[in-house]
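Geometric and topological summary
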Amino acid sequence: MEAGGLTDSLLSGACVLFTLGMFSTGLSDLKHMRMTRSVDSVQFLPFLTTDVNNLSWLSYGALKGNWTLITVNAVGAVLQTLYILVYLHYCHRKRAVLLQTTTLLAVLVLGFAYFWLLVPDPEMRLQHLGLFCSVFTISMYLSPLADLTKVIRTKSTQRLSFSLTIATLLTSASWTLYGFRLKDPYIVVPNLPGILTSFIRFWLFWKYSPGGRQELSASTNLREFT
């Protein structure tokens, strides 16, 4: 196998491995819902938006003929749909959840109708769909910024997941490199915010870690004593 082909295979494998690892972090929420038979402390919107994102990228991968995109997003869509169904099963406020799901799916169907019926040229359709996927993915990566401001205000990282941060960094980095290999800006650009926000989270973990707070408290007490 040539060096270029080996590199592509390794990057493709990394994308599949890290992305499925990131999707599987929802299994802890799934276990929590089944054990408690409730959806307390579990957010529904990330499941729904990730499912729509997977379906969008699945269409892009099918149109592009890229099996890495197809495999990852097909498995991701199945997992997110499973999370959604379990959430609906244990949720008491089903009407609000069903309204959110119906609204977002309606937008997705309208988008697909536009791409497949009103954009007849395959190359132009690929570009339009790639742009839509990129914008949607960027919005997903930037949406937790509100939580980051709360972390800074409260000086607590309890609302952040360290394992998810690592998974996001590895996933975003592997897809960025893979996009560079494919010379596909629609893959490269939306994953750059994922790398940036991951490093911001690492900085917050370092700055507001329990050890750091203890050292700060000890330093403050020493100054008061002297």
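Just so it is clear, the structure is predicted and the values come from calculations on it, not from any experiment.

**Notes on the overall build of the chain**
On a plain count of helices and strands, the chain comes out with 10 helices and zero strands. Secondary structure elements in the chain, listed N-terminal to C-terminal, are α-α-α-α-α-α-α-α-α-α. With the principal axes as the frame, the chain shows a C-alpha extent of 75 × 50 × 30 Å. The 226 residues of the chain split such that 40% are buried. Pairs at least 24 apart in sequence give 76% of the contacts found in the chain among residues at least 6 apart. Total accessible area on the chain is roughly 13300 Å²; 68% of this is exposed by carbon and sulfur atoms.

**Examining the packing of helix 5 (residues 94-118) against helix 6 (residues 122-142)**
Two numbers describe how helix 5 lies on helix 6: the axes approach to 9 Å, and their chain directions differ by 165°. It follows from the interaxial angle that helix 5 and helix 6 lie roughly antiparallel. Helix 5 and helix 6 meet at a crossing whose hand is right-handed. Across from Tyr114, Phe115 and Trp116 in helix 5, the residues of helix 6 making contact are Arg125, His128, Leu129 and Phe132. In the contact of helix 5 with helix 6, the residues fall into five nonpolar, one polar and one charged.

**Overview of the UniProt feature "transmembrane region" (unreviewed entry) in the chain**
Those places that UniProt annotates as "transmembrane region" (unreviewed entry) correspond, in this numbering, to residues 6-23, 69-90, 97-117, 129-148, 160-180 and 186-206. End C-alpha atoms of residues 186-206 are separated by 32 Å, and the span's content is 100% helix alongside 0% strand.

**Things to note about the pattern of salt bridges**
Counted according to the given criterion, the structure contains two salt bridges. The shortest N-O distance in the salt bridge between Arg181 and Asp8 comes to 2.9 Å. Residue Arg181 is located in helix 8 (residues 162-182), and its partner Asp8 is located in helix 1 (residues 3-23); the two are separated by 173 residues in the primary sequence. Here Asp184 and Lys64 are joined by a salt bridge, their closest N and O atoms 3.1 Å apart. Residue Asp184 is located in the loop between helix 8 and helix 9 (185-207), and its partner Lys64 is located in helix 3 (residues 45-64); the two are separated by 120 residues in the primary sequence. Note on Asp184: relative accessible area 4%, which makes it buried. Overall, the relative accessible area of 32% leaves Lys64 in the partly exposed class.

Rules and cut-offs
- Residues numbered from 1 in each chain as written.
- Predicted model: local features only at pLDDT ≥ 70, side-chain atom pairs only at ≥ 80, totals over all residues.
- Heavy atoms only, no water.
- Helix = DSSP H or I, 4+ residues; strand = E, 2+ residues; numbered from the N terminus.
- Buried < 20%, exposed > 50% of the residue type's maximum accessible area, 1.4 Å probe, protein only.
- Contact = heavy atoms within 4.5 Å.
- Areas by Shrake-Rupley, 256 points an atom, 1.4 Å probe, with all protein chains shown as cover.
- Axes fitted to C-alpha atoms, helices over the stretch in contact; angles between N-to-C directions.
- Parallel < 35°, antiparallel > 145°, perpendicular 65-115°, else oblique.
- Left-handed = near helix turned anticlockwise from the far one by under 90°.
- Nonpolar A, V, L, I, M, F, W, Y, C, P; charged D, E, K, R; others polar.
- UniProt positions renumbered as here; feature names shortened; annotations may be inferred.
- Salt bridge = Lys/Arg side-chain N within 4 Å of Asp/Glu carboxyl O.

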